[in-house]
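A structural walkthrough
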Amino acid sequence: MTLRSRLVILVFTAIVPLFALSLIGAWLTARDAVTQTTKNLEFSASLVAANQQRLAVSARQLLTAISHVPELVEGREPVCQNYFKTLAAELGVYTNIGIVGTDGYVRCYTAPNIPKGFRGDRPYFQAAMASGDFVASGYLIGRLRNKPVITFALPVKGSDGNIQAVAFVAILLSELAKTMASVSLPTGRRVVIMDREGVVLAASPDNAAPVGKLVPIALIRDAIKAGVPGVFDGGDAAGAQQIYAFRPSSTLPDSHFFVLVSADRSEVLTPARQQLALDFFALSLIALVGSWMAWLLAGRAIVKPAAEILEATGRIQAGALDVRIPVRPADAQNELTRIASGFNSMADSLQQREEAQAKSYAELRQSQGRLLAAQKLGRMGDWELDMRSKRLTLSDELYDLFGVQPGDFDGEDATFLTMIHPGDRAHYEKCRAAAWLDGTALDIEYRIITPAGDVRWMHQRGQVQVNDDGCPLSRSGVVQDIT
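About the criteria used
Residues numbered from 1 in each chain as written. Predicted model: local features only at pLDDT ≥ 70, side-chain atom pairs only at ≥ 80, totals over all residues. Heavy atoms only, no water. Pairing = 2+ DSSP bridges. Helix = DSSP H or I, 4+ residues; strand = E, 2+ residues; numbered from the N terminus. Axes fitted to C-alpha atoms, helices over the stretch in contact; angles between N-to-C directions. Contact = heavy atoms within 4.5 Å. Salt bridge = Lys/Arg side-chain N within 4 Å of Asp/Glu carboxyl O. Buried < 20%, exposed > 50% of the residue type's maximum accessible area, 1.4 Å probe, protein only. Arc of directions from axis to C-beta.

What follows is about the sheet that holds strand E15 (residues 455-466). Overall, antiparallel pairing links the five strands, which are arranged E13-E12-E16-E15-E14 in an open sheet. Unpaired on one side and paired on the other, strand E13 (392-394) and strand E14 (442-449) mark the two borders of the sheet. Averaged over all neighbouring strand pairs, the angle between strand axes comes to 25°, with direction disregarded. Both strand E12 (residues 380-386) and E13 contribute to a ladder of three bridges, which runs antiparallel. Bridge pairing links tryptophan 383 to leucine 394 in E13. Packing of helix H11 (residues 422-438) onto the sheet brings it into contact with E12, E14, E15 and strand E16 (472-481), and relative to E14 it is tilted by some 155°.

Here we come to the pattern of salt bridges. Under the criterion given, the structure shown has 15 salt bridges. Among the salt bridges present, the one from arginine 324 reaches aspartate 348, with a minimum N-O distance of 2.5 Å. Of the two residues, arginine 324 is situated in the loop between helix H7 (265-317) and helix H8 (335-378) and aspartate 348 in helix H8; the sequence distance between them amounts to 24 residues. By relative accessible area, arginine 324 is classed as partly exposed at 29%. With a relative accessible area of 34%, aspartate 348 lands in the partly exposed category. Because the salt bridges share partners, they merge into one network encompassing Glu71, Glu74 and Arg76.

Let's shift gears to the pairing of E15. Pairing of E14 with E15 involves eight bridges; the strand directions are antiparallel. Note on E15: the bridge partner recorded for isoleucine 448 is arginine 456. As consecutive antiparallel partners, E14 and E15 are separated by five residues, and within that stretch glycine 453 has a phi angle of approximately 95°, a positive value. Examined bridge by bridge, E15 and E16 share nine bridges and lie antiparallel to one another. Among the inter-strand pairings, valine 464 is bridged to a residue of E16, identified as arginine 475.

Regarding helix H4 (residues 123-131), the residues found buried are Tyr124, Phe125 and Ala128. Summarising the axial view, the buried residues of H4 lie within an arc of 100°, below the 170-degree limit, and thus occupy one face. Close packing links the buried residues of H4 with strand E1 (94-101), strand E3 (135-136), strand E4 (140-141), strand E5 (148-157) and strand E6 (163-172). In the stretch just after H4, glycine 132 is the one whose phi turns positive, near 70°.

Strand order in the open sheet formed by five strands is E8-E7-E11-E10-E9, with antiparallel pairing between adjacent strands. Looking at which strands have only one partner, the edges of the open sheet turn out to be strand E8 (200-204) and strand E9 (230-235). Looking at each pair of strands side by side, their axes are set apart by 25° on average, direction ignored. Pairing analysis gives six bridges linking E9 to strand E10 (residues 241-248), with the strands arranged antiparallel. Paired with phenylalanine 232 across the bridge in E10 is tyrosine 244. The sheet strands contacting helix H6 (residues 218-226) are strand E7 (190-194), E9, E10 and strand E11 (258-264), and the helix crosses E9 at an angle near 155°.

Purely geometric stuff here, so don't read any function into it on its own.
Structure (C-alpha cells):
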C-alpha cells in the first residue's frame, strides 16, 4: 500500500466518527419525533373523544327533557310531531326524534307523512328496555332515509319505576364525521371513530377506514374490548407501520364511542431520514474533496520526499555510498527533512567506515602477503583442527609441503594420519593424545611420505583454544619442512 493510499485512508478514518455522530443524531431526532408525535396523537384523540362524549351527553340531556313531557311521552298528536319536527330543525343535528311504546311501536316522531312502524326489533330499543338506562345503538341503517345513523335511546320511567316508553334520537353518521372537523390535525394523520363492536362510524380522511365495516386490525379490536386508553405501534390493513393513540369517549365502562388517531411511522421518521441522508451526502462530499486534496498534497509534501529517501536507500544498498539527499534549510523542522538529514549523516558514517575498512583490508592483505611469502620462504604452513567435528583445515602452503592437491584431501583426521611415515605414526598419535588430554601445546618432529614417494621431515607446533568454561574448541598451529 502506497503512502498516498494510506493518507487517503487516514482522511476517511478521521471522518468515520462524524458518520457515527450523524447516525446517533438521526436516531435521537427520530426518537424525539416519535415521542412528540405520540403526545400529539394522544392530545388529538382526547379532543375527538371529548367531542363525541359531548354529543352523547347532549343527546342524553335532550332525551331526559323529552321524558319529562307527558304529551310527548304519550305521543299526543299533533303536539308531539310538531314539537319533534321543530326541535330537529332548530338543533340541526338529529335526523329523527321520537317515542316508542313498550310494545315496540312508534308513538310519535319527526316524519309527518310516514307511517309509524315497529321498532321493537332495533338494537337500541332492546338494549334500553333490558338495561333501563341510556344506550347507543352503534352502526345502523336508518329506516326513514336509508342512511347510516347512530341512535341514542333513554327509557322513560313512571313514578313506580316501570318503563312507560323509550325516547330516541338518531344522528346521521355524516353529522358525526363533522364533529372531527373542529379538531385541527397535522397532515397525514388519520382519525377513526368506532362503536363498541369495533364497527367504523366515521373516518377522516374518508379512505382511512370503510364506514360500516368492522375495523380489520386485531390490536384495535382488543383495545376496544379492554376500554383502556393507550398508545401502541402496529401495522394497518396494508401492513404499513403506524403509531396509534386510542381513547374511549368516556372514562366510564359504558363508553359509546372509541377514537383512534394514527400516524404513518415512516412519515414521522422521514424528516430524520432526510436529514441523515443530507448529512451523509455532505460528509461524503467532504471525504471525497479531502481525499482528493490529500492525494494531491501528499504527492508533493510526502510521496516525493519519501521517494527520494527510498531511491537514496536503494543506491546505498547498491554500494553508492556517496549518494546524498538534498535538504533545504527552510524545511529543517519538517519530519521528512529530518529523516533525510539523518540519512545523510548515516551515509557519511557508512562512507567513512567503508573507507577505513578498505584501508584496513589493504593493510591486512599486505600483511597476509608478507606472511604467505615468509611461509613460502620458510617452507611452512598453518593448520586448524575443530575438536568437535574433528575436521582438519590446511593452508595452501601445507598442501604443497605434503605434496597433495586441495581436492584430494577430505579434511578427515584419519586421512591426515595416513600421510605420516608408518615408523613415526604411533609416536605422533601418542604425543598428540597426551597434549589433547592435558590441554598442552604440541611440539613434535615426524616424517611424512608424499604421494610421489618422497620422505620429508616435518616440525609441527600447536596450541589449544578453549571457551569460557575451559573446554577445548579447536587446536591450531604451524608445520615446517625441516628436511
